[in-house]
Amino acid sequence: MAQYDALAARLAGIEKTIHFYRENMEFPSFLRALGPVGGKRVLDVGCGDGVYARMVAQRGAERVVGMDSSGEMIRLAEAAEAEQPLGIQYHVHDMATMPKLGSFDLVMAVNVLHYADSRATLEGMYRKISSNLAPGGRLLAYVGNVDCDAEAARGFGFLLDRPADPREGAPFTVTIAATPPASVQVHYWPAASLAQAAESAGFSRVGWEEMIHSPVSSDSAAAGLSRLLKNPPSLLLSAYQE
Ligand SMILES: C[S@@+](CC[C@H](N)C(=O)[O-])C[C@H]1O[C@@H](n2cnc3c(N)ncnc32)[C@H](O)[C@@H]1O
């Protein structure tokens with residue numbers, strides 16, 4: 001994706017800005033919902049530099065494949081794989097047109113579904129995910145929370161615009177308060193629409209996982225995380241292919 005090709009060279013600075021949030025809320029909530037991955041076949045769609053692909057490979061997944069539409073992000077993922085080989089395979093594909101890459105027990109889609117610009121594109125993404133899942137396989141997807149507490153999120157490096165005309169698929173900007181600030185255009189998807197689209201694409205047991213945060217030593221950071229927990233920047237959707 002063109003906007004991520006441009007951001008890839010700045011990824012380290014961007015990640016540093018939101019590291020505290022990811023480390024203390026995003027990653028622990030995901031790992032809690034994920035459970036054991038030993039022996040599982042895992043596909044990471046919109047894998048970026050492969051942070052989640054590495055996480056599951058290090059936890060014993062049998063096979064891990066990552067894909068992203070940005071060639072530059074995949075280049076970063078492959079560089080990390082070359083530095084610390086974990087047997088992860090990476091591919092450049094757009095989710096709208098990706099082929100079947102295998103039969104997976106788990107597909108992870110971390111902060112990628114909200115790049116869909118229409119209901120048809122969103123359902124198409126879910127269908128591509130579905131065609132890569134084995135029967136009984138699970139989708140775990142972080143999606144942007146349009147009801148995020150923008151004031152609390154600002155304290156963790158996220159500057160959130162609201163679309164002037166909030167309707168499904170409307171574009172708006174999320175800025176990470178790095179130096180200089182890094183903006184990406186995302187699309188407006190209320191949680192209910194994301195869940196409905198998953199069901200329309202054939203997923204069952206569609207639900208939202210509990211968000212948690214790690215214990216942190218600073219009182220002000222703990223207060224900020226507790227407030228953010230009520231309306232965090234991302235929500236974690238879980239769904240199954242029966
Ligand atoms: C916010 S980043 C998340 C990266 C990674 N999942 C993580 O958590 O660090 C979103 C990623 O989704 C990718 N992406 C956006 N739209 C995509 C699409 N249609 N198909 C595949 N990848 C896409 C971008 O290139 C980018 O790497």
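Every value quoted in this text rests on a predicted model; they were computed, and no experiment measured them.

Enquirer: Looking at this structure, I do not really get the overall build of the protein chain. What am I missing?
Expert: When its secondary structure is counted, the protein chain shows eight helices and 10 strands. By the compact-globule yardstick of 18 Å for 242 residues, the protein chain fits well, its C-alpha radius of gyration being 17 Å. Across its three principal directions, the C-alpha atoms of the protein chain cover 45 × 40 × 35 Å. Counting only residues that meet the buried cut, the protein chain has 40% of its 242 residues in that class. Long-range pairs, those at least 24 residues apart, make up 72% of the contacts in the protein chain between residues at least 6 apart in sequence.

Enquirer: Would you mind showing me how to read the sheet that holds strand β8 (residues 182-187) here?
Expert: The pairing of strands in a sheet happens through backbone hydrogen bonds and is either parallel or antiparallel. As summarised here, the arrangement of the three strands in space is β6-β7-β8, forming an open sheet in which the pairing is antiparallel. The open sheet is flanked by β6 (158-160) and β8, the only strands paired with a single partner. Taking the axes of each pair of neighbouring strands and ignoring which way they run, one obtains an average angle of 30° across the sheet. Bridge count for strand β7 (residues 171-176) against β8 is six bridges, and the pairing is antiparallel. Its bridge partner being in β8, T173 is matched across the sheet by Q185.

Enquirer: Can you help me understand the environment of S204 in this one?
Expert: By secondary structure assignment, the location of S204 is in strand β9 (residues 204-208). Classification of S204 as exposed rests on a count of 10 C-beta atoms within 10 Å. With residues near it in sequence (within four places) discarded, S204 still touches Y240 and E242.

Enquirer: Honestly, the packing of helix α5 (residues 119-131) against helix α7 (residues 191-200) in this entry has me stumped. Any pointers?
Expert: Axis angle and axis distance: for two packed helices, these are the angle between their axes and the distance between the axes, and together they describe the pair. Here α5 crosses α7 at 55°, and the two axes come no closer than 9 Å. Considering their axes alone, α5 and α7 lie oblique with respect to each other. Of the two possible hands of crossing, α5 and α7 adopt the one that is right-handed. Counted together, R119, L122, E123 and Y126 of α5 and A197, A198 and S200 of α7 form the full contact between these two elements. For the contact of α5 with α7, a count of residues per class yields four nonpolar, one polar and two charged.

Enquirer: How do you make sense of the site of the ligand when you look at a structure like this?
Expert: Lining the immediate surroundings of the ligand are 18 residues, of which Y4, G46, G48, S69 and S70 lie closest. Class assignment for the residues of the shell around the ligand results in 11 nonpolar, five polar and two charged.

Enquirer: Sorry if this is basic, but what is going on with the nonpolar core here?
Expert: The nonpolar side chains of a soluble globular protein tend to be buried, and buried together. Core analysis: the largest hydrophobic core is formed by 65 residues, its most contacted members being V42, V45, V107, A109 and L113. Per element, the largest residue contribution to this core is six residues, and it comes from strand β4 (residues 104-110). Residue contacts for L113: discarding those within four places in its chain leaves L122, M125, A141, V143 and L194.

Enquirer: Explain the sheet that holds strand β2 (residues 63-68) to me, please; I cannot follow it from the model alone.
Expert: With respect to topology, seven strands assemble into an open sheet ordered β3-β2-β1-β4-β5-β10-β9, the strand pairing being mixed. If you trace the sheet from one side to the other, it starts and ends with β3 (89-92) and β9, each paired once. Across the sheet, the mean angle separating the axes of adjacent strands is 15° when strand polarity is ignored. As defined by bridge partners, strand β5 (residues 133-144) adjoins strand β10 (residues 234-240) across seven bridges and the pair is classed as antiparallel. Across the sheet, A141 pairs through a bridge with L237, a residue of β10. This element, helix α3 (residues 51-58), spans β1 (41-45), β2 and β4 of the sheet and lies at about 180° to β2. The strands touched by α7 within the sheet are β5, β9 and β10, with β10 carrying the most contacts at an inclination of about 20°.

Enquirer: Is there a simple way to think about the UniProt feature "domain: Methyltransferase" (unreviewed entry) in the protein chain in this case?
Expert: Those places that UniProt annotates as "domain: Methyltransferase" (unreviewed entry) correspond, in this numbering, to residues 42-137. Taken end to end, residues 42-137 has its terminal C-alpha atoms 10 Å apart, with 35% of it in helix and 27% in strand.

Enquirer: It is not clear to me how unusual backbone geometry should be interpreted in this structure. Could you clarify?
Expert: Only a minority of non-glycine residues have a phi that is not negative, and only a minority of peptide bonds are not trans. Cis geometry is found at the peptide bond from T179 to P180, where omega equals -10°. Its location among the elements puts P180 in the loop between β7 and β8. Phi at N111 is positive, roughly 60°, even though this residue is not glycine. Tracing the backbone shows N111 in the loop between β4 and α5. Judged by the 19 C-beta atoms lying within 10 Å of it, N111 falls in the partly exposed class. Unusually for a residue other than glycine, R205 sits at a positive phi of about 45°. With respect to the helices and strands, the residue R205 is situated in strand β9.

Calculation criteria
- Residues numbered from 1 in each chain as written.
- Predicted model: local features only at pLDDT ≥ 70, side-chain atom pairs only at ≥ 80, totals over all residues.
- Helix = DSSP H or I, 4+ residues; strand = E, 2+ residues; numbered from the N terminus.
- Rg over C-alpha atoms; globule rule 2.2 N^0.38 Å.
- Buried ≥ 20, exposed ≤ 12 C-beta atoms within 10 Å, placed from the backbone.
- Contact = placed C-beta atoms within 7 Å.
- Pairing = 2+ DSSP bridges.
- Axes fitted to C-alpha atoms, helices over the stretch in contact; angles between N-to-C directions.
- Parallel < 35°, antiparallel > 145°, perpendicular 65-115°, else oblique.
- Left-handed = near helix turned anticlockwise from the far one by under 90°.
- Nonpolar A, V, L, I, M, F, W, Y, C, P; charged D, E, K, R; others polar.
- Near = placed C-beta within 6 Å.
- Core = buried A, V, L, I, M, F, W, Y, C linked by C-beta atoms within 7 Å.
- UniProt positions renumbered as here; feature names shortened; annotations may be inferred.

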